[in-house]
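Chains, contacts and geometry: an overview
Now for the letters of each chain:
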Amino acid sequence: MTAYVIAHLQEAAPNAEIAEYIERITATFEPYGGRFLVHATRHEVLEGSWPGYAVVIGFPGTAEARAWWDSPAYQEIAPLRSIHIGSDIILVGGLPEGYDAASTAQSMREALPAG
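Below or above, wherever it landed, is the structure these notes cover.

Quick notes on the rules
- Residues numbered from 1 in each chain as written.
- Predicted model: local features only at pLDDT ≥ 70, side-chain atom pairs only at ≥ 80, totals over all residues.
- Heavy atoms only, no water.
- Phe/Tyr/Trp six-rings, centres within 6.5 Å; stacked < 30°, edge-to-face > 60°.
- Buried < 20%, exposed > 50% of the residue type's maximum accessible area, 1.4 Å probe, protein only.
- Pairing = 2+ DSSP bridges.
- Helix = DSSP H or I, 4+ residues; strand = E, 2+ residues; numbered from the N terminus.
- Axes fitted to C-alpha atoms, helices over the stretch in contact; angles between N-to-C directions.
- Contact = heavy atoms within 4.5 Å.
- Core = buried A, V, L, I, M, F, W, Y, C linked by side-chain atoms within 4.5 Å.
- Salt bridge = Lys/Arg side-chain N within 4 Å of Asp/Glu carboxyl O.

One pass over the full model with this rule turns up eight aromatic pairs. Centre to centre, the rings of Phe29 and Phe36 are 5.0 Å apart; their planes meet at 90 degrees, and the pair counts as edge-to-face. For Phe29, a relative accessible area of 1% corresponds to the buried category. An angle of 75 degrees between the planes, with centres 6.2 Å apart, marks the rings of Phe29 and Trp68 as edge-to-face.

Listed below in structure tokens is the structure:
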């Protein structure tokens, strides 16, 4: 099942280390089947606030995403980003083909107290 690494990156002043990170990151995730789905593209806030940028990298599964994150190649360049850009980064598994949110709602209703 697919997996996604999702990053919410804060605004940062451009500098040589961030440029190097961006130049090198693709080579670190491609061996694990990763690819950019969203990379600091323009976004529209529909509710709440979202300062900064969104990045989404898709992987064939959570094992591949975790292997990339833990890889020596990525860990070598990660400080080039993390010392300059505040961020929140999560790993989330995707849904199976044919997922139906109504079945989740039904399970929630069944778990409600009678009354």
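Another point: the sheet that holds strand 3 (residues 53-59). Here we have four strands laid out as an open sheet, ordered 2-3-1-4, and antiparallel in their pairing. Unpaired on one side and paired on the other, strand 2 (35-39) and strand 4 (87-93) mark the two borders of the sheet. Averaged over all pairs of adjacent strands, the angle between strand axes in this sheet comes to 15 degrees, irrespective of strand direction. Its contacts with the sheet put helix 1 (residues 16-29) on strand 2 and strand 3, and the angle it makes with strand 2 is roughly 140 degrees.

So, on to the nonpolar core. Ile25, Ile57, Phe59, Trp68 and Tyr74 are the most contacted members of the largest nonpolar core, which totals 18 residues. Listed by contribution, the elements that provide at least two residues to this core are strand 1 (3-9), helix 1, strand 3, helix 2 (62-70) and helix 3 (72-82). Here Phe59 is in contact with Thr2, Ala3, Val5, Phe29, Tyr32, Gly33, Gly34, Glu64, Ala65 and Trp68, once residues within four sequence places are set aside.

For the structure shown, the criterion picks out three salt bridges. The partner of Glu20 in a salt bridge is Arg24, with the nearest N and O atoms 2.8 Å apart. Taken together, the residues span about one helical turn, with Glu20 and Arg24 both in helix 1 at a distance of four residues. Classification of Glu20 by relative accessible area gives partly exposed; the value is 31%. Asp70 is the salt-bridge partner of Arg66, the closest N and O atoms lying 3.6 Å from each other. Linking Arg66 with Asp70, this pair stays in helix 2, spanning four residues, or about one helical turn. A relative accessible area of 42% places Arg66 in the partly exposed class. Residue classification places Asp70 among the partly exposed residues on the basis of a relative accessible area of 47%.

Before going further, it helps to spend a moment on the environment of Glu11. With respect to the secondary-structure elements, Glu11 resides in the loop between strand 1 and helix 1. Counting along the chain gives 41 residues from Glu11 to Gly52, while the straight-line C-alpha distance between them is 4.8 Å. If near-sequence neighbours (up to four positions away) are discounted, Glu11 is found in contact with Gly52 and Tyr53.

Looking now at the pairing of strand 1. Within strand 1, five of the seven residues are buried, which leaves it mostly tucked inside the rest of the structure. Bridging between strand 1 and strand 3 involves seven bridges; their strand directions are antiparallel. Opposite His8, over in strand 3, you have Ala54 as the bridge partner. One ladder, built from seven bridges, connects strand 1 with strand 4; its direction is antiparallel. Across the sheet, residue Ile6 finds its bridge partner in strand 4, namely Ile90.

It is worth stressing that arrangement in space is one thing and function is another; only the former is reported here.
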